[in-house]
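# Tertiary structure, described
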Amino acid sequence: MRTCKIMLNTVADVKEFVNLVSGCAYEVELVSGRYAVDAKSIMGIFSLDLSKPLTLCAHFDDADELFAELRKFKVA
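Below is a summary of the structure that appears in this document.

Turning our eyes to something else, we now look at the overall build of the protein chain. Across its full length, the protein chain holds 3 helices and 4 strands. Computed over its C-alpha atoms, the radius of gyration of the protein chain comes to 11 Å, within 12% of the 11 Å expected for a compact globule of 76 residues. Within the protein chain, the fraction of its 76 residues that count as buried is 39%. A fraction of 65% describes how many contacts in the protein chain between residues 6 or more apart in sequence connect residues 24 or more apart. A total of about 4600 Å² of accessible surface is found on the protein chain, and carbon and sulfur atoms cover 52% of it. Of the charged side chains in the protein chain, 9 are positive and 11 negative, and the gap between their average positions amounts to 7 Å.

Below, the structure written as structure tokens:
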């Protein structure tokens, strides 16, 4: 499993993020505090606190391509 911190600041960011992640054949989650949702679910994402960074959890080891596509959402 690989993780990174991301921010989704606008509705357009959420739509773009879901479009990118939906092409992934593996399970991908977003975690905020004690809540985890399917990262491919727009409704799930909007149930999270988007004012804070989210943890992206990709449940496969070879996530370099996915993480490269999502680089604009990454935070330090």
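Further remarks concern the side chain of Ser32. Mapped onto the elements of the fold, Ser32 is located in strand β2 (residues 28–32). A relative accessible area of 13% places Ser32 in the buried class. Not counting the four nearest positions on each side in its chain, Ser32 is found in contact with Leu48, Asp49 and Leu54.

The rules behind these values
- Residues numbered from 1 in each chain as written.
- Predicted model: local features only at pLDDT ≥ 70, side-chain atom pairs only at ≥ 80, totals over all residues.
- Heavy atoms only, no water.
- Helix = DSSP H or I, 4+ residues; strand = E, 2+ residues; numbered from the N terminus.
- Rg over C-alpha atoms; globule rule 2.2 N^0.38 Å.
- Buried < 20%, exposed > 50% of the residue type's maximum accessible area, 1.4 Å probe, protein only.
- Contact = heavy atoms within 4.5 Å.
- Areas by Shrake-Rupley, 256 points an atom, 1.4 Å probe, with all protein chains shown as cover.
- Lys, Arg positive; Asp, Glu negative; His and termini not counted.
- Charge placed at Lys NZ, Arg CZ, Asp CG, Glu CD.

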